[in-house]
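# Overview (structure and organization)
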Amino acid sequence: MRLSLVSGLSLVFVAFGSVAAQPDAPSGRLDADGDDPPSRLSLDRARTLGADASPRVRAAELERAVAESAREHAAMPRIRNPILSLRALVGVPDDAAATYAVTLGFPFDLTGRRSLRSSEADILAEEAEAQIELERIEARARATTATARVYAGQELVQIAESRVRLAVSLREATQARVDAGAATALDAMLAAQELGRAGAMLEASRRELEAARDALREVLDLGPLAPVRVEALGLPQMPPGLSLARAVEIAADQRREPQLLRLAARRLEVTEDRLFAESVSPLTISAEYEVQTNSQRLSSFGVGASMELPLAWTAQGDRAVARSSAVASAGRAELVQRSAARDAATAWRALTGTLAELRTLEQEALPATERALEATEELLARGAVDSFRLLLARRELFELRARRAELVLAAWVAHAELERAVGGEL
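Starting afresh in each chain, residues are numbered from 1 along the sequence in its written order. For a predicted model such as this one, the threshold for reporting local features is a pLDDT of at least 70, and the threshold for listing and counting side-chain atom pairs is 80 or more; totals across whole chains, interfaces and linings nevertheless cover every residue. Excluded from the side-chain calculations are hydrogens and water; all other atoms, namely the structure's heavy atoms, are used.

### Here we look at the overall build of the chain
Only DSSP runs of H or I reaching four residues or more are called helices, and only runs of E reaching two or more are called strands; each is numbered from the N terminus. Helix and strand content of the chain: 10 helices and four strands. Start at the N end of the chain and walk to the C end: the helices and strands fall as α-α-α-α-β-β-α-α-α-α-β-β-α-α. A globule of 426 residues ought to have a C-alpha radius of gyration of about 22 Å, yet the chain, at 38 Å, is considerably larger. Dimensions along the principal axes, computed over C-alpha positions, put the chain at roughly 145 × 45 × 35 Å. Burial status follows relative accessibility: with a 1.4 Å probe on protein chains alone, a residue under 20% of its type maximum counts as buried, one over 50% as exposed, and anything between as partly exposed. When the 426 residues of the chain are sorted by exposure, 44% land in the buried category. Look at the contacts in the chain between residues 6 or more apart in sequence, and 82% of them connect residues 24 or more apart. What the globule rule says is 2.2 Å times the number of residues to the power 0.38, and the radius of gyration is computed from C-alpha atoms. Contacts are assigned to residue pairs with any non-hydrogen atoms lying within 4.5 Å of each other.

### Let's talk about the nonpolar core
Val150, Leu216, Leu220 and Leu418 are the most contacted members of the largest nonpolar core, which totals 52 residues. Breaking this core down by element, the ones donating at least two residues are α2 (43-53), α5 (113-180), α6 (185-220), α7 (244-254), α9 (316-382) and α10 (387-422). Take this core: its biggest share by element is 13 residues, from α10. Look past the residues within four positions of Leu220 in its chain and what remains in contact with it is Leu41, Ala46, Leu49, Gly50, Ala53 and Ala143. Among buried residues, those of type Ala, Val, Leu, Ile, Met, Phe, Trp, Tyr and Cys that are joined through side-chain atoms within 4.5 Å constitute a nonpolar core.

### Topic: the sheet that holds strand β1 (residues 83-89)
The antiparallel open sheet is built from four strands, whose spatial order is β1-β2-β3-β4. The sheet is open, and its two borders are formed by β1 and β4 (298-306), each paired with just one other strand. Strand-to-strand twist in this sheet, taken as the mean axis angle between neighbours without regard to direction, amounts to 15 degrees. Bridge count for β1 against strand β2 (residues 99-108) is seven bridges, and the pairing is antiparallel. The residue bridging Leu86 from the neighbouring strand is Val102, located in β2. Two strands make a pair as long as DSSP finds a minimum of two bridges between them. Only the stretch in contact is used when a helix axis is fitted, and all axes are lines through C-alpha atoms; the angle between N-to-C directions ranges over 0 to 180 degrees.

### Here we look at the packing of α9 against α10
Each packed pair of helices is defined by two parameters, the angle between the axes and the distance between the axes. Axis separation between α9 and α10 bottoms out at 8 Å; the angle between their running directions is 165 degrees. By the angle between their directions, the pair α9 and α10 is classed as roughly antiparallel. Seen from above, α9 lies across α10 with left-handed handedness. Amino acids are sorted into nonpolar (Ala, Val, Leu, Ile, Met, Phe, Trp, Tyr, Cys and Pro), charged (Asp, Glu, Lys and Arg) and polar (every other residue, Gly among them). For the contact of α9 with α10, the class distribution of residues is 25 nonpolar, five polar and 13 charged. Orientation labels follow simple angle bins: below 35 degrees gives roughly parallel, above 145 gives roughly antiparallel, 65 to 115 gives roughly perpendicular, and whatever is left gives oblique. The handedness criterion is simple: a crossing whose near helix is rotated anticlockwise from the far helix by less than a right angle is left-handed, and one whose near helix is rotated clockwise is right-handed.

### A few points about the pattern of salt bridges
The term salt bridge refers to a pairing of a side-chain nitrogen on Lys or Arg with a carboxyl oxygen on Asp or Glu at a separation within 4 Å. Within this structure, the stated rule accounts for 32 salt bridges. As a salt-bridge pair, Glu278 and Arg117 come within 2.6 Å of each other at their nearest N and O atoms. Note that Glu278 is positioned in helix α8 (residues 256-279) and Arg117 in helix α5, a separation of 161 residues in sequence. Here Arg206 makes a salt bridge to Glu161, at a shortest N to O gap of 3.4 Å. With a gap of 45 residues between them, Arg206 in helix α6 and Glu161 in helix α5 connect regions that are remote in the sequence. Residue Arg206 shares its accessibility class with Glu161, and that shared class is buried.

### Focus: the confidence of the model for the chain
For the chain, per-residue confidence averages 85 on the pLDDT scale, and residues scoring 70 or more make up 91% of the total. Predictor confidence is given residue by residue as pLDDT, running from a minimum of 0 to a maximum of 100. Long-range and interchain partners of residues 1-38, a stretch whose pLDDT sits below 50, account for 68 contacts in this model, where long-range means more than four residues apart.

### Points about α2
In an α-helix, one full turn covers 3.6 residues, which means residues spaced three or four apart are oriented alike. All of the buried residues in α2 are Leu43, Ala46, Arg47, Gly50 and Ala51. Along the axis of α2, the buried residues cluster in a sector spanning 130 degrees; they form a single face. Contact partners of the buried residues in α2: α3 (55-69), α5, α6 and α10. Arc definition: it is the arc formed by the directions from the helix axis to the C-beta atoms.

### Thoughts on unusual backbone geometry
With omega at 5 degrees, the peptide bond leading from Val92 into Pro93 counts as cis. Within the secondary structure, Pro93 sits in the loop between β1 and β2. Phi at Thr293 is positive, roughly 60 degrees, even though this residue is not glycine. Examined against the element boundaries, Thr293 turns out to sit in the loop between β3 (283-292) and β4. Of note in the backbone geometry, Ala315 takes a positive phi value of approximately 55 degrees without being a glycine.

### Topic: a nonpolar patch on the surface
Surface patches are drawn from residues lacking salt bridges whose relative accessible area is over 30%; two like charges belong together within 9 Å, two nonpolar side chains (Val, Leu, Ile, Met, Phe, Trp, Tyr) within 5 Å. For the accessible areas, the method is Shrake-Rupley and the probe is 1.4 Å, while residue cover comes only from the protein chains on display. Taken together, the side chains of Ile79, Leu84, Leu86, Val102, Leu104, Phe106, Tyr289, Phe301 and Val303 present a nonpolar region at the surface, about 920 Å² in accessible area. Within the fold, Leu104 resides in strand β2. On the basis of relative accessibility, which here comes to 35%, the residue Leu104 falls in the partly exposed class.

### Side note on the environment of Ser279
Structurally, the position occupied by Ser279 is in helix α8. In sequence terms Ser279 and Arg113 are 166 residues apart; their C-alpha atoms lie 9.8 Å from each other. Discounting residues that sit within four places of it in the chain, Ser279 has contacts with Glu308, Trp313, Thr314 and Ala315.

### Focus: the side chain of Glu194
When you line up the elements, Glu194 lands in helix α6. Note on Glu194: relative accessible area 3%, which makes it buried. Each residue touching Glu194, except ones within four places of it in the same chain, is listed here: Arg163, Ala167, Leu170, Leu391 and Arg395.

### Quick word on the environment of Ala211
Mapped onto the elements, Ala211 comes out in helix α6. By relative accessible area, which is 47% here, Ala211 ends up partly exposed. Residues Ala211 and Arg177, spaced 34 residues apart in sequence, show a C-alpha to C-alpha distance of 41 Å.

Now the structure itself:
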């Protein structure tokens, strides 16, 4: 009697175990509302959308328009607004001293402020373009990470659903054995405990999946109710020939952050020269007509030139701030470049180590666990072990499959970080 019950329970485990052993099978419920989206999002599509539609990319594009508007300063005319001066001494009480004069002057800008402003505007435009490219690189990296999180969440939900189905079958089979007198109440409680743990794991997985979907919606600027499911991801690969030394070298050459800081230093150097030029007043060339006395009118015409001498006031304070800011930006560029090299090395090591752990898991740990499960099923069929040994073996396999999903996520995160660290697509 005991052998027949154990054999029947073994068949139940084998039947439901074959479902649980396939985490890539479509899940019955991956969306909170139960509706499947019309299509799945590929990683390439997510990266493209991130580079084009990310809010931070679009904000950088708006800043480019602001930078380009600075060129209007250079388009201002060299001749400034005319200066009109009127003077009247009405001759009271000295009629002979009466004087009436009109002066019309034209200020000419003889400094290089216009060309300096043009140079500033050009560098600002370069900074804006570099900032846009930096945001696109960051957006692609964030899209990669967010997509990988959704994929890992989908995998973990499928694994949790399979575990719940197995736990339900275990509880039903155990209750049947209790009713038949072949199992104790403790067996039923342990089966109920497993079902509770599996259900809690499923709910936690669904919650984390929804959080990952919200993060992907934000990166891609999707609507709050847009359905999000992603295609299956393979494993990221280290680009051929990308050694640790080569990754550090590429990061030193391509990272946008040091380039942005060097551009800012150049712009501030030009700003210092422009501030000095603007401290020099324009040369005013004027024409003057004057009439003297009220009784016997005497008139004269003349020309003049005036200019403020830049001796004491030359925008020293503003120039000192601009000069020190330029030096600071150049120094920060060197610091950021050294940090970029370390970032590239860290990301390269993380990707290499994660891929190595994945290979060991797939080539050794998972096959060994699957063989141990098969052996446990055979022993259960012969009545050599109880059903809970099979439950423990199945749980270990679930945990390894969940670990594999987490490692795939970690590998893609490391790949995205390496791409960001070297300043370009891999």
